[in-house]
Amino acid sequence: MEQNNLSTYKSIKNNQDEEAKADYPKMFRKFVLIALAGSVVPLLLVGWGINIHYTIFNKASMLTSFKERIDQHQKTIELFLNNQRSIIRLIAQTNMLEHLSDKKHLSKTFKTMNLAMKQEYGKTFMDLGVISHAGKHIAYVGPYDLMSRNYAQTFWFKEVMEKGVYISDMFLGFRKAPHFIIAVSQSENGRKWILRATIDAEAFRSLVENVKIGKTGEVYLVNSKGILQTQPRFSGKIMGKTLLPVQALHQGTTVQIIEPENSPKQIVAHVWLTSVPWLLVVKQDYFEAFGSLNHANYATLIFLHLSVLVILIVSFFTTRYMIRIIKERDNEAKQMNKQLMQTSKMASIGVLSAGVAHEVNNPLAIIMTERQILLDKAEETPNLNAEFKVQLDKSLSQINTQLKRCKDTTQNLLRFSRRTKSRIEEVDLNAFLHEMIDLMKQDAKASGIKIFANFTEPLAPILSDPSQLQQVFLNLIKNAIEAHGEKPYGSIHISTSAEDNNKAVRVTIADTGSGIRMEHLEKIFDPFFTTKPVGKGTGLGLSVCYSIIKRLGGEISIESEPGEGTKFTILFPVTPPTNLQKSIEA
């Protein structure tokens, strides 16, 4: 019944082991997914959140900076135009027409005007002329021959006569070159006259374009009709039509992001000048304007991906390490289960041995009684045939010999059964090993193997666990017998000796079997390692022996030569470790 329970337990454990092996890959995947979910997801959420916040903040900051630069540039252009207009107005108001009509005086005034502007803007005035109310030149200083020209029908003449001060758009005029003028009208003796100055277009253009907007940026002025007042860097020519729609007159600066057809995405800023109805336009390719932001975004994405990769690698190796530890713990648990099964088996065998010994002892006692009766009857019969009597004595003597042999066997079985429970007691190793030899000598004899004992006498007894010592020595002697499987005969030598001033006892078990190869010696005590054919061994015997000997405070070593044999040397302390007794009592 107990054997059936043990078989059922083994079957259940084998099924559980197979299920555990199948669960390791699933466990590995689950652990990796949990590690990734607990680290990668928060990292990505935080990274994306920071990236979005940084992008919005940086875009707003960049647009604000873009707008501030344009506002500052607008003020610079406004200041330039107002300065030119103020100088011309000041000249007209502080000089009589008679003085300005004198060419020498007008030429001197012209030079003074340019000198006043030279330090800050360079030469800004191209010419200077005094024009009568009829549109004819009274005096002129400049590179062109304009004295004979009449401006009475020109658009700017009518504007300045009506408004008093006028800044024109770019126009070609009589000189057939793009330019614009600043003119003021003044009354004297009831008649109006005009002081007119032409602004150097190149000097004004350099002022307008004096904003560094990267490789794709450009700055230009356009009037309300969409006519370019300065030369754009890439798109269009001066006095040409602008490609972008002109915004309606408005206050302040507007910044837009547009996507023109057949052109890259652009950021465009507009602001109207107050001194003249010109629109200041500044534009730049979007991807260049936000290049630093895009670079930061790319760097953030690369960092996030690298972080995810590092987390993945760390999770992979950490999980693999955890799975390996779990496997080791499972193997240790399996080994403990194997030992438990072995202990249970030994206990079952002990109970069985005790039962068999008691059952056999009763018939043996009857047989011995009957033998004695036969012997007594033979002595009481005087006329018994002599030859028959001799034969009868031999038979009864043989029966007595075999009865003693059976009695010794049953006594060994009883001693075996009494050692199935763990307890610490004094053990005479020499006597103990004799018992082990008696138990195993029939198996050895059947294999053609002789067991030789070479024990040191006297040998100090040791304090140890007989049940576990029995398991160790039976296992080692059994392995020594099986090591001769390929040989028809052999021998096993078991010896004992005192060591370390009688503080330890050495036991040596040497066989003449097939030996163990060098590459297997390092793994001989590993669980589940065996050199036996499939189905002939579990690989747990020596591992269990090793763990028992270590637990008892001993040491075990092995020497082997292939084809020559193997020798196990075991060293037991006379006094076991202090924790051994406590563990058994617990």
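Read on for an overview of the structure. Note that the structure is predicted; figures quoted are calculated from it, not measured.

Here we take up the nonpolar core. One finds Leu81, Phe180, Leu195, Phe204 and Leu280 to be the most contacted residues of the largest nonpolar core, which totals 50 residues. Dropping the residues within four chain positions of it, Leu81 is found in contact with Ile167, Phe180, Ile182, Phe204, Leu273, Ser275, Val276 and Trp278. Ranked by size, the runner-up nonpolar core spans 42 residues in total, among them Phe432, Ile451, Leu459 and Phe473.

Turning next to a negative patch on the surface. Taken together, the side chains of Asp376, Glu379, Glu380 and Asp393 make up a negatively charged region of the molecular surface. According to the relative accessible area criterion, Asp393 is partly exposed, its value standing at 32%.

The next point concerns the packing of helix α9 (residues 429–446) against helix α10 (residues 466–482). Helix packing geometry: the angle between the two helix axes and the distance between the axes. Running from amino to carboxyl end, α9 crosses α10 at an angle of 40°, the nearest separation of the two axes being 10 Å. Judged on the interaxial angle alone, α10 and α9 are oblique. Of the two possible hands of crossing, α9 and α10 adopt the one that is right-handed. For the pair formed by α9 and α10, the contact residues are Leu429, Phe432, Leu433, Met436, Leu439, Met440, Asp443 and Ala444 on the first element and Pro466, Leu469, Gln470, Phe473, Leu474, Ile477, Lys478 and Ile481 on the second. Taken together, the residues of the contact of α9 with α10 break down into 13 nonpolar, one polar and two charged.

Going through the model one piece at a time under the given rule, you end up with 12 aromatic pairs. When the ring of Phe155 is compared with that of Phe171, the centres are 5.2 Å apart and the planes differ by 90°; the resulting orientation is edge-to-face. On the criterion of sequence distance, the pair formed by Phe155 in helix α4 (residues 155–163) and Phe171 in the loop between β3 (165–167) and β4 (180–188) is long-range, its members being 16 residues apart. The buried category is assigned to Phe171, whose relative accessible area is 11%. The ring of Trp156 carries Arg196 above its face, with NZ or CZ at 4.9 Å from the centroid.

Let us now look at the sheet that holds strand β7 (residues 253–258). Taken in spatial order, the four strands line up as β6-β9-β8-β7 in an open sheet, and their pairing is antiparallel. Of all the strands in the sheet, just β6 (218–223) and β7 have a single pairing partner and so form its edges. In this sheet, adjacent strand axes meet at a mean angle of 25° when their direction is disregarded. Pairing of β7 with strand β8 (residues 266–272) involves six bridges; the strand directions are antiparallel. Counted as the bridge partner of Thr254 is His270 from β8. On the sheet, helix α5 (residues 201–208) packs against β6 and β9 (278–285) and is oriented at approximately 120° with respect to β6.

Calculation rules
Residues numbered from 1 in each chain as written. Predicted model: local features only at pLDDT ≥ 70, side-chain atom pairs only at ≥ 80, totals over all residues. Heavy atoms only, no water. Core = buried A, V, L, I, M, F, W, Y, C linked by side-chain atoms within 4.5 Å. Buried < 20%, exposed > 50% of the residue type's maximum accessible area, 1.4 Å probe, protein only. Contact = heavy atoms within 4.5 Å. Patch = residues over 30% accessible without salt bridge, like charges linked within 9 Å, V, L, I, M, F, W, Y side chains within 5 Å. Areas by Shrake-Rupley, 256 points an atom, 1.4 Å probe, with all protein chains shown as cover. Salt bridge = Lys/Arg side-chain N within 4 Å of Asp/Glu carboxyl O. Lys, Arg positive; Asp, Glu negative; His and termini not counted. Charge placed at Lys NZ, Arg CZ, Asp CG, Glu CD. Axes fitted to C-alpha atoms, helices over the stretch in contact; angles between N-to-C directions. Helix = DSSP H or I, 4+ residues; strand = E, 2+ residues; numbered from the N terminus. Parallel < 35°, antiparallel > 145°, perpendicular 65-115°, else oblique. Left-handed = near helix turned anticlockwise from the far one by under 90°. Nonpolar A, V, L, I, M, F, W, Y, C, P; charged D, E, K, R; others polar. Phe/Tyr/Trp six-rings, centres within 6.5 Å; stacked < 30°, edge-to-face > 60°. Lys NZ or Arg CZ within 6 Å of the ring centre and 35° of its normal. Pairing = 2+ DSSP bridges.

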